[in-house]
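Descriptive structure summary
Here is how the chains run, residue by residue.
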Amino acid sequence: MGNMKQHQGFTLIELMVAVAVVGILAAIALPGYQESVQKSRRAEAEADLLGLANAMERHFTEVGTYCDAGGTGGADTCGGAGNDNGAPSVFATTSPSQGGVAAYTLTITSATASTFALSAAPTGAQTGDRCGTLTLTNTGVRGAALNDCWKS
């Protein structure tokens, strides 16, 4: 009898089936993973908005007004174009842990002597987030593109 060698390995069909299975699993898992990452970044932005609101309350306690909490800080005419709106000077925004790139831009959208409105606008990889810009006012009213965006 002849000495027959048996080849061990995968056939092309077996390899293609394995590649197809991996492709299907990736197509199912990747969108769920991306939504989970966006949700964690959104939760961080919500926490930052609440932190900024607390800083606004501290600012009000110290100076008796919500004005002058934005821009470079310092006093100007309340309601003027100076330091009432824009990037907060009373709260140090931190970059998220995802690569050190900011996922949201925090802004004081309006501040008067007795009211304020804050926003967190998605930026970078978070731009396509289904919730859009998150908002918060001095009365605690929370806003977003969809009702289920704020976690609590």
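Residues numbered from 1 in each chain as written. Predicted model: local features only at pLDDT ≥ 70, side-chain atom pairs only at ≥ 80, totals over all residues. Heavy atoms only, no water.

1. What about the pattern of salt bridges?
Taken as a whole and judged by the stated rule, the model has 4 salt bridges. Its salt-bridge partner being Glu35, residue Arg130 comes within 3.6 Å of it at the nearest N-O pair. A residue pair is termed long-range when its members are at least 10 positions apart, and Arg130 in the loop between β2 (116–122) and β3 (134–137) and Glu35 in helix α1 (residues 12–63) qualify at 95 residues. In this structure Arg130 comes out as partly exposed when scored by relative accessible area, which is 36%. Note that Arg130 and Asp148 form a salt bridge whose closest N and O atoms lie 3.2 Å from each other. Residue Arg130 is located in the loop between β2 and β3, and its partner Asp148 is located in the segment after β4 (142–143); the two are separated by 18 residues in the primary sequence. A residue is classified by how much of its surface remains accessible, and Asp148, at 51% relative accessible area, is exposed. (Salt bridge = Lys/Arg side-chain N within 4 Å of Asp/Glu carboxyl O. Helix = DSSP H or I, 4+ residues; strand = E, 2+ residues; numbered from the N terminus. Buried < 20%, exposed > 50% of the residue type's maximum accessible area, 1.4 Å probe, protein only.)

2. Here's the deal with α1
Taking 1.5 Å as the rise per residue, α1 with 52 residues should run 76 Å; its terminal C-alpha atoms sit 75 Å apart, in good agreement. Along its length, α1 shows its largest kink, about 25°, at Ala29, and proline Pro31 lies within four residues downstream of that point. (Expected span 1.5 Å × (residues − 1). Bend = angle between axes of the 7 residues up to and from the residue.)

3. Comments concerning unusual backbone geometry
You will see that Asp68, though not glycine, has its phi angle at about 65°, which is positive. Tracing the backbone shows Asp68 in the loop between α1 and β1 (104–111).

4. Observations concerning the pairing of β3
Side chains of β3 alternate between two faces, with Leu134 and Leu136 buried and Thr135 and Thr137 left unburied. Taken together, the 4 bridges between β2 and β3 define a ladder with antiparallel strand orientation. Bridging from a neighbouring strand, Ser119 pairs with Thr135 of β3. Following β3, the chain reverses through 4 residues before pairing antiparallel with β4; Gly140 in that reversal takes a positive phi of roughly 90°. (Pairing = 2+ DSSP bridges.)

5. Quick word on a nonpolar patch on the surface
Judged by side-chain polarity, Phe10, Leu12, Leu15, Met16 and Val19 come together as a nonpolar surface patch covering roughly 590 Å² of accessible area. Mapped onto the fold, Leu12 is located in helix α1. Taking the relative accessible area as the measure of exposure, Leu12 reaches 62% and is therefore exposed. (Patch = residues over 30% accessible without salt bridge, like charges linked within 9 Å, V, L, I, M, F, W, Y side chains within 5 Å. Areas by Shrake-Rupley, 256 points an atom, 1.4 Å probe, with all protein chains shown as cover.)

6. Notes on the sheet that holds β1
Two orientations exist for strands paired in a sheet by backbone hydrogen bonds: parallel and antiparallel. Spatially, the 4 strands line up as an open sheet ordered β1-β2-β3-β4, and their pairing is antiparallel. At either margin of the open sheet sits one strand with a lone partner, and together these are β1 and β4. Bridge count between β3 and β4: 2 bridges; the pairing is antiparallel. Looking across to β4, one finds that Thr135 is bridged to Gly143. Contacts between α1 and the sheet are confined to β1, β2, β3 and β4, with β2 contributing the most and set at about 155° to the helix. (Contact = heavy atoms within 4.5 Å. Axes fitted to C-alpha atoms, helices over the stretch in contact; angles between N-to-C directions.)

7. Brief notes about the nonpolar core
Nonpolar side chains tend toward joint burial in soluble globular proteins. Residues Leu49, Met56, Phe116, Leu118, Ala120 and Leu134 are the most contacted members of the largest nonpolar core, which totals 22 residues. Put simply, the parts of the chain that give this core at least two residues each are α1, β1, β2 and β3. It is α1 that provides the largest number of residues to this core, a total of 6 residues. Excluding anything up to four places from it in sequence, Leu49 contacts Leu106, Leu118, Ser119, Ala120, Leu134, Thr135, Leu136 and Trp150. (Core = buried A, V, L, I, M, F, W, Y, C linked by side-chain atoms within 4.5 Å.)

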